[in-house]
Amino acid sequence: MDLLFLDLTMPDVSGFEVLASLQADGIRFPIIVISADVQRASQDRARALGARAFLPKPISVDKIKVLIEHLRREGKL
Amino acid sequence: MSARADVQPFSADQLDALRELANVGVGRAADAFADLLNIPVVLTVPDVRLVEAGAFVRQIIREAGPENEVTAVRQSFTDDIEGEAIVVYYLGDHASLETLVEWVAENGPGSVEAKQELLLEMGNIIVGASIGGFAEQLGLEVSYTPPSIMAYRSRSGSVLERSALPWTYALVTKVLLYVQDKEFGCYLLAFFPEQTINKLRSGIDALLGTA
């Protein structure tokens, strides 16, 4: 996997749980959280659990393109 | 609680899109609620469906509080879209209305009137952030009537008598915002009647490029 887009609010498992699980397994790819949960505490928690970036919903394709380009320049992709 | 046969059902894609729009609105409401409480708030995935409105409200009231004691605020919205939002305060087994009110206003408020004023203000902030965020994504304007106390520590039976909505069938969005450790929060319900459903359907189709 090269890149993961992850929501925080999902029906059966929270994005935080997914992040924690991936962190425990040793994340080797960038994770971008896309969420409507824009609370500062949620953004901080996502980053603490290894999220590379946080995009608040609603998102645009342009925002995603810019972020992917940024990750490429950083050598993360 | 199934929708009336002549209300055209939404497709899976339309419902998905509505859920996403509701999610953004609810996310803003959660942020505003968290600011008010000064503590992070958990939000659930919005439940979006066509329902028989009265039965849906009765179900939520049954779920909302211990010993069937219910406190709720209602607020209508109008303009490009219209409908009604209801904030039903949620209290877990180890929380009371006092727990919630005193968490927000540490040194009071003492009187019933002051508590109701606080609950109205909380409801108003939550509804405004949620419905405003929802409508904004469709480029729709919305304005609000003043919120009112629908129930204050009332037995659910008496609330049911006052919970009549002006329409029978509606699109409803339901979400729970709560503070995990404190066991309090609120259900946020938004009801959109038939004429607004058609506007939402057009807006969603335009977003999906299927108009």
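Note that the structure is predicted; figures quoted are calculated from it, not measured.

**Brief notes about the overall build of chain B**
Helices and strands together make up the secondary structure of chain B, namely six helices and eight strands. Listed N to C, the secondary structure of chain B is α-β-β-α-β-β-α-α-β-β-α-β-β-α in terms of helices and strands. In chain B, buried positions account for 44% of the 211 residues. Excluding contacts between residues fewer than 6 apart, the proportion of contacts in chain B whose partners are at least 24 apart in sequence is 76%.

**Observations regarding the interface of chain B and chain A**
Taken residue by residue, the interface counts 13 residues in chain B and 12 residues in chain A. Looking at the side of chain B that touches chain A, the element that brings in the most residues is helix H1 (residues 12–37) of chain B, giving eight residues. For the side of chain B that touches chain A, the residue count by class is eight nonpolar, three polar and two charged.

**Digging into the nonpolar core**
Residues Val-87, Val-88, Ile-126, Leu-177, Leu-188 and Leu-189 of chain B are the most contacted members of the largest nonpolar core, which totals 68 residues. In terms of residue count, H1 of chain B provides more of this core than any other element does, 11 residues in total. Once residues within four sequence positions are removed from consideration, Ile-126 of chain B is found in contact with Ala-29, Ala-32, Phe-33, Val-87, Cys-186 and Leu-188 of chain B. Within the second largest apolar cluster, seven residues are counted, among which are Ile-31, Val-33, Leu-49 and Ala-51 of chain A.

**Topic: the sheet that holds strand S1 (residues 4–6) of chain A**
Pairing between sheet strands relies on hydrogen bonds along the backbone, with the strands arranged either parallel or antiparallel. All names here are of chain A. In spatial order, the strands read S1-S2-S3; together these three strands make up an open sheet with parallel pairing. At either margin of the open sheet sits one strand with a lone partner, and together these are S1 and strand S3 (53–56). Averaged over neighbouring strand pairs, the angle between their axes works out to 25° when direction is ignored. Two elements, S1 and strand S2 (residues 31–35), share three bridges in a ladder whose sense is parallel.

**As for the environment of Gln-8 of chain B**
All names here are of chain B. Within the element layout of this structure, Gln-8 appears in the segment before H1. Take Gln-8: there are 12 C-beta atoms within 10 Å of it, and that puts it in the exposed class. A C-alpha to C-alpha distance of 27 Å links Gln-8 and Ile-61, two positions 53 residues apart in sequence.

**What to know about the environment of Tyr-169 of chain B**
Residue and element names in this part refer to chain B. One can find Tyr-169 in strand S7 (residues 169–179). Assessed through the 21 C-beta atoms surrounding it within 10 Å, Tyr-169 is described here as buried. Distance from Tyr-169 to Ala-12, taken between C-alpha atoms, is 19 Å for residues 157 residues apart in sequence.

**What about the packing of H1 of chain B against helix H4 (residues 112–137) of chain B?**
Packed helices, taken two at a time, are described by the angle their axes make and the gap between the axes. Residue and element names in this part refer to chain B. One can describe the packing of H1 onto H4 by two numbers: an axis separation of 7 Å at closest approach and a directional angle of 150°. Here H4 runs roughly antiparallel to H1, going by the angle between their axes. The two elements H1 and H4 meet at a crossing, and its hand is right-handed. Contact residues: Leu-21, Ala-22, Val-24, Gly-25, Val-26, Arg-28, Ala-29, Ala-32, Phe-33 and Leu-36 in H1; Met-122, Ile-125, Ile-126, Ala-129, Ser-130, Ile-131, Gly-133, Phe-134 and Gln-137 in H4. Looking at side-chain class alone, the contact of H1 with H4 contains 14 nonpolar, four polar and one charged residues.

**A short note on the confidence of the model for chain B**
All names here are of chain B. On average, chain B scores 86 in pLDDT, and the residues at 70 or more come to 89%. By mean pLDDT, the top-scoring element of chain B is strand S5 (residues 142–144) (95), and the lowest-scoring one is helix H5 (residues 156–162) (62). In the predicted assembly, ipTM is 0.79 and pTM is 0.86.

**Describing helix H6 (residues 194–208) of chain B**
Residues and elements named next belong to chain B. Here H6 spans 21 Å end to end across 15 residues, near enough to the 21 Å set by a 1.5 Å rise per residue. Among the residues making up H6, those that are buried are Thr-196, Ile-197, Leu-200, Gly-203 and Ile-204. An end-on view of H6 places all buried positions within 130° of arc, on one side of the element. Exposed residues lying more than 90 degrees from the buried face of H6 are Gln-195, Ser-202 and Ala-206.

**Some words on the pairing of strand S8 (residues 184–192) of chain B**
Residues and elements named next belong to chain B. Along S8, nine of the nine residues are buried, which leaves the element largely enclosed by surrounding structure. Where strand S4 (residues 83–91) meets S8, eight bridges bridge the pair, whose relative direction is antiparallel. Each residue of the ladder has a partner; that of Ile-86, found in S8, is Leu-189. Both S7 and S8 contribute to a ladder of nine bridges, which runs antiparallel.

What counts and what doesn't
Residues numbered from 1 in each chain as written. Chains lettered and ligands numbered in written order. Predicted model: local features only at pLDDT ≥ 70, side-chain atom pairs only at ≥ 80, totals over all residues. Helix = DSSP H or I, 4+ residues; strand = E, 2+ residues; numbered from the N terminus. Buried ≥ 20, exposed ≤ 12 C-beta atoms within 10 Å, placed from the backbone. Contact = placed C-beta atoms within 7 Å. Nonpolar A, V, L, I, M, F, W, Y, C, P; charged D, E, K, R; others polar. Core = buried A, V, L, I, M, F, W, Y, C linked by C-beta atoms within 7 Å. Pairing = 2+ DSSP bridges. Axes fitted to C-alpha atoms, helices over the stretch in contact; angles between N-to-C directions. Parallel < 35°, antiparallel > 145°, perpendicular 65-115°, else oblique. Left-handed = near helix turned anticlockwise from the far one by under 90°. pLDDT = per-residue confidence, 0-100. Expected span 1.5 Å × (residues − 1). Arc of directions from axis to C-beta.

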